[in-house]
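Here are the chains, one letter per residue:
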Amino acid sequence: MQYQAAVAWGYMAAAMEGLNRVERLASESAVVVFSVSTCCMCHAVKRLFCGMGVSPAVVELDHEPHGDDMARALARLLGCHGPSAVVPVVFIGGKLVGAMDRVMAAHINGSLVPLLKQAGALWL
């Protein structure tokens, strides 16, 4: 019983640490993309921002020592359950925009540019 409690505590501590890292990194730049270096959708969202003249801060989870903990935290923030990948995840102005579907929807409906301007990532 004590072993199970210790394992559960360790998991919760890692989860909180992952969430704290995500929140800290998301607040450090106007646009932050949580990515995996081999993900084609991650590449597409990074290219979208670069094509708009925005230089996002990119956190490659597969290159981060605590990337798995951050990936689990991002999945929880998005309301996803299970081990499936949830990248890319985008924060603008420290606020969660969401995954690729939300970013593309905002781009198509015209709400992405005002978000980027408000965050100071785009001036035109």
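Computed from a predicted model, the values in this text were never measured in an experiment.

A.B. asks: Any chance you could explain unusual backbone geometry here in plain terms?
C.D. replies: Most peptide bonds take the trans configuration, and most residues that are not glycine carry a negative phi. Of the consecutive residues Val87 and Pro88, the connecting peptide bond is found in the cis state with omega at 0 degrees. Structurally, the position occupied by Pro88 is in the loop between helix H3 (67–78) and strand S3 (89–92).

A.B. asks: Would you mind going over the sheet that holds strand S4 (residues 95–99) with me for this structure?
C.D. replies: Think of a sheet as strands paired side by side through backbone hydrogen bonds, with each pair either parallel or antiparallel. The strand order across the open sheet built from four strands is S2-S1-S3-S4, with neighbouring strands paired in mixed fashion. Each edge of the sheet is formed by a strand with only one pairing partner; in this case those strands are strand S2 (57–60) and S4. Between one strand axis and the next, the sheet turns through 20 degrees on average, direction left out of account. Alignment of strand S1 (residues 31–35) against S2, held across four bridges, turns out to be parallel. Within the sheet, the bridge partner assigned to Ser35 lies in S2 and is Glu60. Contacting S3 and S4, helix H4 (residues 100–109) runs over the sheet at an angle of about 100 degrees to S4.

A.B. asks: Can you walk me through helix H2 (residues 40–51) in this structure?
C.D. replies: Owing to its 3.6 residues per turn, the α-helix brings residues three or four apart onto one side. The end-to-end C-alpha distance of H2 is 16 Å, a good match for the 16 Å that 12 residues give at a rise of 1.5 Å each. Of the residues making up H2, those classed as buried are Cys42, Val45, Lys46, Leu48 and Phe49. When H2 is viewed along its axis, its buried side chains cluster within an angular range of 155 degrees and face the same direction. Exposed residues on H2 whose side chains face more than 90 degrees from its buried face are Cys40, Arg47 and Gly51. For H2, the elements touching its buried residues are S1, S2, S3, H4 and helix H5 (112–119).

A.B. asks: Help me out: how do you make sense of the environment of Lys95 in this one?
C.D. replies: Looking at where Lys95 falls in the secondary structure, it is placed in strand S4. Judged by its relative accessible area of 59%, Lys95 falls in the exposed class. Sequence spacing of Lys95 and Val31 is 64 residues, and the spatial spacing of their C-alpha atoms is 9.2 Å.

A.B. asks: What exactly am I supposed to notice about the confidence of the model for the protein chain here?
C.D. replies: Detailed reading of the predicted coordinates is not advisable wherever pLDDT is low. Averaged over all residues, the pLDDT of the protein chain is 89; the fraction at 70 or higher stands at 85%. Segment residues 5–11 is flagged for pLDDT under 50; beyond a separation of four residues in sequence, or across chains, it makes two contacts in the model.

A.B. asks: Would you explain the packing of H2 against H4 in this entry?
C.D. replies: One can describe the packing of H2 onto H4 by two numbers: an axis separation of 11 Å at closest approach and a directional angle of 30 degrees. Between H2 and H4, the crossing angle belongs to the class labelled roughly parallel. Pair H2 / H4 crosses with left-handed handedness. Of H4, the residues touching H2 (which contributes Met41, Ala44, Val45, Leu48 and Phe49) are Met100, Val103, Met104 and His107. In terms of residue class, the contact of H2 with H4 is made up of eight nonpolar, one polar and no charged.

A.B. asks: Help me understand H4, please; the structure alone is not making it clear to me.
C.D. replies: Listed in full, the buried residues belonging to H4 are Met100, Val103 and Ala106. Projected down its long axis, H4 shows its buried positions confined to an angular sector of 135 degrees, all on one face. In this structure, H4 carries Asp101, Arg102, Ile108 and Asn109 as exposed residues pointing more than 90 degrees from its buried face. Buried-residue contacts for H4 involve H2, S3, S4 and H5. Immediately beyond the C-terminal end of H4, within one or two residues, lies Gly110, with a positive phi of roughly 85 degrees.

Here is what the cut-offs are and how they apply
- Residues numbered from 1 in each chain as written.
- Predicted model: local features only at pLDDT ≥ 70, side-chain atom pairs only at ≥ 80, totals over all residues.
- Heavy atoms only, no water.
- Helix = DSSP H or I, 4+ residues; strand = E, 2+ residues; numbered from the N terminus.
- Pairing = 2+ DSSP bridges.
- Axes fitted to C-alpha atoms, helices over the stretch in contact; angles between N-to-C directions.
- Contact = heavy atoms within 4.5 Å.
- Expected span 1.5 Å × (residues − 1).
- Buried < 20%, exposed > 50% of the residue type's maximum accessible area, 1.4 Å probe, protein only.
- Arc of directions from axis to C-beta.
- pLDDT = per-residue confidence, 0-100.
- Parallel < 35°, antiparallel > 145°, perpendicular 65-115°, else oblique.
- Left-handed = near helix turned anticlockwise from the far one by under 90°.
- Nonpolar A, V, L, I, M, F, W, Y, C, P; charged D, E, K, R; others polar.

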